[in-house]
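# Observations on the model geometry
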Amino acid sequence: GEHTLSVVLRYEGDGHGVVGYLPGYRFVVRSSHQFTVPTEGRLDIRVRPFTRGPMAPYTERLTLEYEDRVLGESRE
């Protein structure tokens, strides 16, 4: 049937390395993904967080993507 996966990622700057200005900064990424569970087999959903390039607005750089893969009845 139809389902929705909701993901919340929380990032907190630690101020080390080249991003020394980040202590105390907190970022939250919220996302949801709709998918259909197959009647046979299994569904593998991978959630991959990533950073968009420097041309993306600062507030939209942290994001995630989903990859759905239908697996057969045998374990893959």
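Now for a description of the structure that goes with this document. (Residues numbered from 1 in each chain as written. Predicted model: local features only at pLDDT ≥ 70, side-chain atom pairs only at ≥ 80, totals over all residues. Heavy atoms only, no water.)

## Considerations on the overall build of the protein
When you go through the protein residue by residue, the secondary structure sums to zero helices and four strands. In the protein, the order of α-helices and β-strands from amino to carboxyl end is β-β-β-β. Looking at the protein as a whole, 14% of its 76 residues are labelled buried. Taking contacts inside the protein between residues at least 6 apart in sequence as the whole, the part at least 24 apart equals 53%. Accessible surface, the protein: about 6100 Å² in total, of which carbon and sulfur atoms supply 51%. (Helix = DSSP H or I, 4+ residues; strand = E, 2+ residues; numbered from the N terminus. Buried < 20%, exposed > 50% of the residue type's maximum accessible area, 1.4 Å probe, protein only. Contact = heavy atoms within 4.5 Å. Areas by Shrake-Rupley, 256 points an atom, 1.4 Å probe, with all protein chains shown as cover.)

## So, the environment of V70
With respect to the element layout, V70 can be found in strand β4 (residues 62-71). Other than its neighbours up to four places away in sequence, V70 contacts P38, R42 and L43.

## Points about the pattern of salt bridges
Taken as a whole and assessed by the stated rule, the structure comprises four salt bridges. For the salt bridge of R69 with D44, the shortest nitrogen-to-oxygen distance reads 3.7 Å. Taken as a pair, R69 in strand β4 and D44 in strand β3 (residues 42-51) lie far apart in primary sequence, 25 residues in all. Residue R69 is classed as partly exposed on the basis of its relative accessible area of 34%. Of the charged contacts in the structure, one is a salt bridge between E65 and R48, with a shortest N-O distance of 2.8 Å. Placement of the pair is E65 in strand β4 and R48 in strand β3, with a sequence separation of 17 residues. Judged by relative accessible area, E65 falls into the partly exposed class, the value being 35%. Through salt bridges with shared partners, a single ionic network connects D44, R46 and R69. (Salt bridge = Lys/Arg side-chain N within 4 Å of Asp/Glu carboxyl O.)

## Description of the side chain of H33
As for its placement among the helices and strands, H33 is situated in strand β2 (residues 26-36). Its relative accessible area of 14% is what places H33 among the buried residues. Aside from chain neighbours lying at most four places away, what touches H33 is H3, T4, L5, I45, Y66 and D68.

All we've got here are geometric facts, nothing functional implied.
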